[in-house]
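Listed below, chain by chain, are the residues.
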Amino acid sequence: MPTIQLQQVSKRYDRRGAPSVQQLDLTIHEGEFMCLLGPSGCGKSTTLRMIAGLEHASGGEIRLGERLVDSQQAGIFVAPEQRQLGLVFQSYALWPHLTVAQNIEFGLKLRKLPRGERQQTLEAVMTTLGIAAYRDRYPSQLSGGQQQRVALARTLAVQPQILLLDEPLSNLDARLRLEMRTELKRLHQQCGTTMLFVTHDQWEAMALATRIAVMHQGELQQVGTPQEIYDRPANRFVAEFVGTPPINLIELDHGSLFAELLQPYLRSLGETTAPVTAVGIRPERILLTPPATTTPDSQRPLQLKARLESRLLTGGSWILEVSVAGQRLLLTCVQPPQQCEGDTVVLTIAAADLHLFDAQGQRHEPLAQSAAPYPHTVPLSGVTPR
């Protein structure tokens, strides 16, 4: 399976407007499942369409393996049908007058494969995707999940070296989406095809991808494994876009009481290469502990007294809203909280779970992690135990 390389790729539809994709450098390795993740209009679908050959890049180069397929400077543009790749659209694009078997076999007939070989491939791909029982049905007689399987089967039948998927699960309900995510993961492990999956759904990207490329306003923000993207976001946009409930962001340059209480703790961690203007904390990294809880000095967590404002049951977990000196924070927990609305609680946050950002929104790390211990509990005026 070939590697996909994009070097300084740009796409501009209007010469006077902003480019849809700007100077994109991205490598998708052989056999990798890469997700392009970002909000609507960030350029992810445009990038996929340029790789597929449905759009001509305005600048830069696109290579599939060692083959240059798109370069305006070199005057090279390889037609989509000659790129040996498969594309699954957001709409299933099935022929309504053809049966399931005929839809899947359509591409094989265009390639003029012998009948025996076509039938063998047809049976194999239908069995793999569990749709053999529907071979004589028409698309209108299938559910959304079944139609999606047929669209995948039609693409896989021609054995593409690269599989491109443009938000193929967005039209499915929650249960079918979960089933198809599992199916796609299994197919990738089984076939080893290089896959590029476009989605705005962060959980889809986290569940499926071996690596994620986050885009915003046509620019690449960060590339990494799902764990790297979540645990070490490169900037504020990535931190805010990935995660549900969203990350708590505390602005330090607004002169709030909470910021004043947080600043001494940040100084105890050591200076960074740039002034920190915002601190991010993932909701699940905030621990709810009894007021009497203590922690060894060597671990040096940040502990804050807070007031519990509300509790929301989401099924398997709870979302809690607390206030610390006027700052609202969200945290999650699996066990039902023992405290009630209005109670005073203690929040414990490990130093490693603080995400520091500068004025440009870029991530920074403390230069000194072995600074002197900081007091465990930050006393807050106006908060008294219930």
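Here's a quick rundown of the structure. (Residues numbered from 1 in each chain as written. Predicted model: local features only at pLDDT ≥ 70, side-chain atom pairs only at ≥ 80, totals over all residues. Heavy atoms only, no water.)

Some details on the sheet that holds strand 3 (residues 33–37)
Taken together, six strands build an open sheet; the order of strands is 7-8-9-3-10-11 and the sheet is mixed. Among the strands making up the open sheet, the edge pair consists of strand 7 (85–88) and strand 11 (219–224). Direction aside, the axes of adjacent strands within the sheet are offset by 15 degrees on average. Sheet strands touched by helix 4 (residues 144–157): strand 7 and strand 8 (162–166). Its angle to strand 7, the strand with the most contacts, is close to 170 degrees. Strand contacts of helix 5 (residues 174–191): strand 3, strand 8 and strand 9 (194–199), with the helix running at about 160 degrees to strand 9, the strand carrying the most contacts. (Pairing = 2+ DSSP bridges. Helix = DSSP H or I, 4+ residues; strand = E, 2+ residues; numbered from the N terminus. Axes fitted to C-alpha atoms, helices over the stretch in contact; angles between N-to-C directions. Contact = heavy atoms within 4.5 Å.)

Regarding the layout of surface pockets
If a probe as big as a water molecule is rolled over the atoms, it shows which places are left empty. Empty space within the largest pocket amounts to approximately 680 Å³. Lining the largest pocket we find 19 residues, and of these Leu85, Gly86, Leu87, Leu110 and Val158 sit closest to its centre. Elements supplying a minimum of two residues to the lining of the largest pocket: strand 7, helix 2 (100–110) and helix 4. When its residues are assigned to classes, the lining of the largest pocket shows eleven nonpolar, four polar and four charged. In this structure, the second largest pocket spans a volume of roughly 230 Å³. Counting residues per element, the ones that place at least two in the lining of the second largest pocket are helix 3 (115–128), helix 4 and helix 5. Top element by residues in the lining of the second largest pocket is helix 3. It accounts for four residues. (1 Å grid on protein atoms, 1.4 Å probe; cavity = no way out; pocket = protein on both sides within 12 Å on 5 of 7 lines; lining within 4 Å. Points joined across faces, edges and corners; volume = space filled by probe spheres on them. Nonpolar A, V, L, I, M, F, W, Y, C, P; charged D, E, K, R; others polar.)

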